[in-house]
Amino acid sequence: MFIDTHVHLNNDEIFKHLDEVLEDAYHVGVKKMIIVGYDLPTSTLAVELANQLEGCYAAVGFHPTEIKEYTYKEYQQLEELAKKPKVVAIGEVGYDFHWNITTKEEQKDAFVKQIELAKKLKLPLIIHSRDAQQITFDTLKENKAQEVGGIMHSYSGSVEMAKEYIKLNFSFGISGPITFKNGKNMKDVVREIDSKYLVSETDSPYLTPHPYRGSENGPKYLPLIVQEMANIKGISVDVMAKNILNNVKRIFGDKYE
Ligand SMILES: [Zn+2]
């Protein structure tokens, strides 16, 4: 059995044909998924879907490009959502300096608030970090995120940085780029980092793996990612999938059955 630790079933494009997406995923053995929110509506929908769907869990949080309008009220609503039984993490949260939508200060403020929320509710974090490796690490460290740890989503940083993140109690989400010719960093991380810190994710509908790049990504492609991880580690796909399942249970704890 495979687990997709980062999937946006709450994204409009996927939601339009959700039954088909789920059927295709179940068909190839992807039976557990963590549906990740990125703003208030998608976090709300992630929780609703997790409540309805067997094997699905939710993460709730405000992505760094989506925070502009959010005030105390929205953060209160996020906290209420985060207390729901099938919510296993706060995310995706972090920094994104690729898009010029929010300032560094705005992003830091939102990120720190959500790290505090994760610690208050004892939930791990799912971190989004784009063009922001060092500041992401520094903010997590300064705010003692190691108390809860979590996952560096779609991690494409260096092996050296990965070792530092492990000290902060973080593991790594391995996604479609592992199958890309130019996915060197991610391949290096899988090769050099102990299997117990690696989990699998698709980030659907984004980051479609080879050879399906250019079409919509879905959890049905997760086995391609796990297969590539297994090839690099020189183990069978079954053993790799079992390792990942154990890692997910360790990271997400009691709430994740
Ligand atoms: Zn995502």
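Let me begin by describing the structure that accompanies this report.

Calculation criteria
Residues numbered from 1 in each chain as written. Predicted model: local features only at pLDDT ≥ 70, side-chain atom pairs only at ≥ 80, totals over all residues. Pairing = 2+ DSSP bridges. Helix = DSSP H or I, 4+ residues; strand = E, 2+ residues; numbered from the N terminus. Axes fitted to C-alpha atoms, helices over the stretch in contact; angles between N-to-C directions. Parallel < 35°, antiparallel > 145°, perpendicular 65-115°, else oblique. Contact = placed C-beta atoms within 7 Å. Nonpolar A, V, L, I, M, F, W, Y, C, P; charged D, E, K, R; others polar. Left-handed = near helix turned anticlockwise from the far one by under 90°.

Adjacent strands of a sheet pair through backbone hydrogen bonds, lying either parallel or antiparallel. Spatial ordering of the open sheet is given by β1-β2-β3-β4-β5-β6-β7-β8, a layout of eight strands whose pairing is parallel. Because the sheet does not close on itself, it has two edges, and the strands there are β1 (2-7) and β8 (198-200). For this sheet the average axis-to-axis angle between neighbouring strands, irrespective of direction, equals 30 degrees. Looking at chain direction, strand β2 (residues 30-36) and strand β3 (residues 56-60) are connected through four bridges and run parallel. Along β3, the bridge assignment pairs M33 with C56.

Moving on to the packing of helix α9 (residues 222-233) against helix α10 (residues 237-252). Orientation of α9 relative to α10, taken along the N-to-C sense of each, is 105 degrees, at an axis distance of 9 Å. What the angle tells us is that α9 and α10 run roughly perpendicular. Here V226, Q227, M229, A230 and K233 of α9 lie close against α10, whose contacting residues are V237, M240, A241 and I244. Across the contact of α9 with α10, the residue classes break down as seven nonpolar, one polar and one charged.

Another point: the packing of helix α3 (residues 40-52) against helix α4 (residues 72-82). Packed helices, taken two at a time, are described by their axes: the angle between them and the distance between them. In contact at an axis separation of 11 Å, α3 and α4 are set at 15 degrees when each is read in the N-to-C sense. Classified by the angle between their axes, α3 and α4 sit roughly parallel to one another. Our pair here, α3 against α4, has a crossing hand that is left-handed. Residues L40, S43, T44 and V47 of α3 lie in contact with α4, whose contacting residues are E74, Q77, L78 and L81. Looking at the contact of α3 with α4 residue by residue, the classes come out as four nonpolar, three polar and one charged.

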